[in-house]
Amino acid sequence: MHELSLSSAIVNTVVKHARDRRVTVVSLRVGALRQVVPDTLEFYFEFVARGSVCEGAVLEQELVAAVLRCQGCEHEWAIEIPAFRCPECGGSDVAIAAGNEFEVESIEVEEAECIGQR
Amino acid sequence: MHRTKVRIVEDALDANNTIAGANRVDFDRAGVTVINFMSAPGAGKTTLLERVVTDLPGVRVGVLEGDVEGSMDADRLAALHIPVTQLNTNAGFGGECHLDANMVRSAIPSLALDEIDLLLVENVGNLVCPAEFRIGEDARVMVTAITEGEDKPLKYPLMFRACELVIVNKIDLLPHLDFDLEKLLYNIDAVHPDVETIVLSARTGQGLEPWREWLMGTAARTNQEAIA
């Protein structure tokens, strides 16, 4: 259900960088720990994008698997279930090495041919 | 017309985090400690606040109430003669299910920060979105009621990780439920190892003292940090 709020955050980020150019593709990196449902995000994105430069843009989502690293014993492991204690040493000081991303990686924009403008 | 790829690499929540940072500066400048209080609907947030807000010696408390609609919770707290500000989120996109930094920012002028030391922000009841949006708080507290079941940490790890304290409420109902408290605490520790927990009943008052002490301690500690 947070996909609606997240879609608005994506559109706001893209609009800021698009500088009034029409956006055709938005590429996103989404960490597994963000609990984002790709289809739902796509559905809301299309809806929220209406009336903005993102209207009609394709939303590409790259899923980043979750990897944790124990700060105590430096053990690194991939998780698929939410278990954040280190399976090697039982430590609680565990950092998220990957899987927490929610980044707009890049956008593709339409540019008017600008001969002699640079 | 041609197409260009523009590399951005920006957290989509950066804009919110920037505003949250500005809120934090305002709160620190006023010497106000801010707690973001989150839970599912009906976990007992308002009752938990009612039970302690008038019992914190030397700490002047204010409340910011976030609700999609209405002012029932704000009215309950205002009856205790503390400053309460209501923030309804229904002016947003179809009724936002959480508070974000910008909504809190819009409420700052009406908060009378110079008259309080501790601002308790009661977020919209929801176990998902509030976890994503910082508001400029010093600490985040989430409440889970035992009526919600032992499995909730595993289903909503984002929320159980996005807090510095987990309150387990409604333990007066333990004799009436098929509920395994140890299992809940085990699941909380699995998703957020070593997170502080307080087990209590807002209704009977059992276990309220550690909650009161936590608020007193957090208010004192963050004030010192702001001065340093």
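Within any chain, residue numbers begin from 1 and follow the written order of that chain's sequence. Ligands are numbered from 1 and chains lettered from A, in the order in which they are written. With pLDDT at 70 or above as the cut-off, local features in this predicted model cover only qualifying residues; side-chain atom pairs require 80 or more to be listed or tallied, and sums for whole chains, interfaces and linings still use all residues.

### Things to note about the sheet that holds strand β8 (residues 196-199) of chain B
All names here are of chain B.
Right, on to step 1. The strand order β4-β3-β5-β2-β6-β7-β8 describes an open sheet built from seven strands, whose pairing is parallel. Both edges of this open sheet fall to β4 (84-88) and β8, since each of them pairs with a single strand only. Ignoring strand direction, the axes of neighbouring strands in this sheet form an average angle of 20 degrees.
Right, on to step 2. Pairing of strand β2 (residues 33-39) with strand β6 (residues 139-145) involves five bridges; the strand directions are parallel. Note on β6: the bridge partner recorded for Ser39 is Val143. Any two strands with at least two DSSP bridges between them are considered paired. Every helix listed is a DSSP run of H or I at least four residues long, and every strand listed is a run of E at least two residues long, numbered separately from the N terminus. What counts as an axis is a line fitted to C-alpha atoms, over the stretch in contact for a helix, and the angles between N-to-C directions run from 0 to 180 degrees.

### Here's the deal with the interface of chain B and chain A
Right, on to step 1. Of the residues lining the interface, 29 residues belong to chain B; the matching set on chain A comes to 30 residues.
Right, on to step 2. Sorting the residues of the side of chain B that touches chain A by element identifies β1 (2-11), α1 (14-29), α6 (157-161) and α7 (181-191) of chain B as the ones contributing at least two each.
Right, on to step 3. Here the side of chain B that touches chain A takes ten residues from β1 of chain B, the largest share from any one element.
Right, on to step 4. In the side of chain B that touches chain A, the residues fall into 17 nonpolar, five polar and seven charged. By the convention adopted here, residues are in contact when the distance between their C-beta atoms, placed from the backbone, does not exceed 7 Å. Under the scheme applied, nonpolar residues are Ala, Val, Leu, Ile, Met, Phe, Trp, Tyr, Cys and Pro; charged residues are Asp, Glu, Lys and Arg; polar residues are all the others, including Gly.

### Structural notes on the nonpolar core
Right, on to step 1. By size, the foremost hydrophobic cluster in this structure holds 68 residues, and its most contacted members are Leu119, Leu120, Val121 and Ile167 of chain B.
Right, on to step 2. Every residue in contact with Val121 of chain B, bar those within four places of it in the chain, is listed here: Val34, Ile35, Asn36, Phe37, Leu64, Gly66, Leu99, Val104, Ile135 and Glu137 of chain B.
Right, on to step 3. Counting 25 residues, the second-largest nonpolar core is a separate cluster that includes Leu6, Val14, Val23 and Val48 of chain A. Note on definitions: a nonpolar core is a set of buried residues drawn from Ala, Val, Leu, Ile, Met, Phe, Trp, Tyr and Cys, linked by C-beta atoms within 7 Å. Buried, partly exposed and exposed are defined by the number of other C-beta atoms within 10 Å of a residue's own C-beta, namely 20 or more, between the two limits, and 12 or fewer respectively, with C-beta atoms placed from the backbone.

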